[in-house]
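# A closer look at the structure
The chain contents come next:
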Amino acid sequence: MTRLISLIFLHLSVCTYGQGKLDFVKVDDASIDIYTPPNYSSKNEYPVVYFNDGQMLFGHRSVCMALQLTLDSLIENNVINELIVVGIAADRLRSEKYVPYQGASFEQMADGSSYASYYSNFLINRLIPHIDQNYGTIREASGRAIFGFSFGGLNAIWMMLNNPEVFSTAGGFSPSFWVDDFAIFDEAIKYQAGQKIWFDIGTAEWNYYVPFQKLLKEQGAKINEEVFYSEVPGGLHTMMDWNQRIEMPFLIFAGKESHTISKMEVEIEIIPSQSIPGKKFTRLNPIVTCKSGLIYSLAYEADYEVLNPSAGKVSGEGSFKLFGDENLDVIVTYKQFTKKVKVRSKLLVD
């Protein structure tokens, strides 16, 4: 019986999916899933991605993202460097631990401090040292990234901006920037040269996140080299939607290829407001695809030339306004790519 129990424990603790290996461990009270690549050796040093909401990442496709299969494929096809991914499972205090801006509605620890402070301390002073001690890792900020979804994405970007000595890269899938009236925008002044950020939002869940890119640029960030924004047409706030673009920040953090653009398309977006009935946000969304597989939006970085100003106008980040029933003709340009777009006035009619 003892041997049977030992075999069951071993099966739960170390599993193999695809080609990489998964270890399941506990660090303090947190459940941690650790992906190591197919040719992992403790003698080597690997970059590490720490991922909030780790309970969503690994396992069978029927219940989670099966991220291990995506990583195996990216590594096998020589798209990214081998790396370690550490999934940190959320618990009942997910919001309290992830949201750095907290009001009276958030549960506090017994000593009056926030669970967000506790989580930050746990990640930096307990989990990272544990991973560095037990795995072959790059033990400096250049070799560490942190990613997350929704509240976890907000946390990831906040964590990197406030701990540049720990993380060099952050990825936020539909990050909850709206918390505390977009307080994360005020953190842009903490951006340090060389840090990399990926953030995105689906138009079916849309909030106006484009200004964050501009604020980072004012601090010296190189847009579309270090900071990437993606406005996903029709994208929802769901695991399925995030999984369709899960590889994007991995390409930024551990990609082997430079992000040479292969094509540009322009989406005409009529986005219903989530909070104001009848209000619509109208945008031109130039989207580029790179040979590396990276896909992102241009927003402020594209040029918008209105050919018939009597019909309407286009702002610097792509939002447009029509003055009447005349169709709007616009030429969108970025580097050597040009697209002529016709915005038909009937699109704005219910």
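Preceding this section is the structure that the text describes.
Read on for a plain summary of the structure. As the structure is a computational prediction, the values presented were derived from the model and not from experiment.

Quick notes on the rules
- Residues numbered from 1 in each chain as written.
- Predicted model: local features only at pLDDT ≥ 70, side-chain atom pairs only at ≥ 80, totals over all residues.
- Heavy atoms only, no water.
- Helix = DSSP H or I, 4+ residues; strand = E, 2+ residues; numbered from the N terminus.
- Rg over C-alpha atoms; globule rule 2.2 N^0.38 Å.
- Buried < 20%, exposed > 50% of the residue type's maximum accessible area, 1.4 Å probe, protein only.
- Contact = heavy atoms within 4.5 Å.
- Areas by Shrake-Rupley, 256 points an atom, 1.4 Å probe, with all protein chains shown as cover.
- Lys, Arg positive; Asp, Glu negative; His and termini not counted.
- Charge placed at Lys NZ, Arg CZ, Asp CG, Glu CD.
- Pairing = 2+ DSSP bridges.
- Axes fitted to C-alpha atoms, helices over the stretch in contact; angles between N-to-C directions.
- Polar contact = N/O pair within 3.5 Å; in protein donor to acceptor, adjacent residues only side chain to side chain.

### Looking at the overall build of the protein
Of regular secondary structure, the protein possesses nine helices and 17 strands. The C-alpha radius of gyration of the protein comes to 22 Å, within 12% of the 20 Å expected for a compact globule of 350 residues. For the protein, the C-alpha atoms occupy an extent of roughly 80 × 50 × 40 Å along the three principal directions. Looking at the protein residue by residue over its 350 residues, the buried ones come to 53%. Within the protein, residue pairs in contact and separated by at least 24 positions form 64% of the contacts whose partners lie at least 6 positions apart. Element-wise, carbon and sulfur atoms account for 51% of the exposed surface of the protein, whose accessible area totals about 16000 Å². For the protein, the distance from the average position of its 31 positive side-chain charges to the average position of its 40 negative side-chain charges is 4 Å.

### Structural notes on the environment of Gly103
With respect to the secondary-structure elements, Gly103 resides in the loop between helix H3 (94-98) and helix H4 (115-134). Here Gly103 falls in the partly exposed class, since its relative accessible area comes to 39%. For the pair Gly103 and Asp180, spaced 77 residues apart in sequence, the C-alpha separation works out to 8.8 Å.

### Re the pairing of strand S3 (residues 30-36)
Extensive coverage of S3 is indicated by the burial of six of its seven residues. Taken together, the seven bridges between strand S2 (residues 21-27) and S3 define a ladder with antiparallel strand orientation. When the bridges of S3 are listed, Val25 appears paired with Ile32. Counted between consecutive antiparallel strands, the loop separating S2 from S3 contains two residues, among which Asp28 sits at a positive phi close to 55 degrees. Relative to strand S5 (residues 84-88), S3 runs antiparallel, the two being bridged by four bridges. If you follow Tyr35 over to S5, its bridge partner there is Val85.

### A short note on the sheet that holds strand S17 (residues 337-343)
Taken in spatial order, the three strands of this open sheet run S13-S16-S17, and their pairing is antiparallel. Taken across any chain shown, the strands that pair with only one partner, and hence form the sheet edges, are strand S13 (303-306) and S17. Direction aside, the axes of adjacent strands within the sheet are offset by 25 degrees on average. Pairing analysis gives seven bridges linking strand S16 (residues 328-334) to S17, with the strands arranged antiparallel. In the strand pairing of S17, Thr333 is matched with Thr338.

### Digging into the environment of Asp53
Relative to the assigned elements, Asp53 resides in the loop between strand S4 (48-52) and helix H2 (67-76). For Asp53, a relative accessible area of 2% translates into the label buried. Between the C-alpha atoms of Asp53 and Glu265, which are 212 residues apart in sequence, the distance is 33 Å. Beyond its immediate stretch of four places on either side in the chain, Asp53 contacts Ile88, Ala90, Arg94, Tyr98 and Phe149. Here Arg94 takes part through its side chain, which lies 2.8 Å from a polar atom of the side chain of Asp53.

### Topic: the environment of Ala141
One can find Ala141 in the loop between H4 and strand S6 (144-149). Counting along the chain gives 92 residues from Ala141 to Val49, while the straight-line C-alpha distance between them is 11 Å. With sequence-adjacent residues up to four places away left out, Ala141 is seen in contact with Pro164, Glu165, Val166, Phe167 and Ser168.

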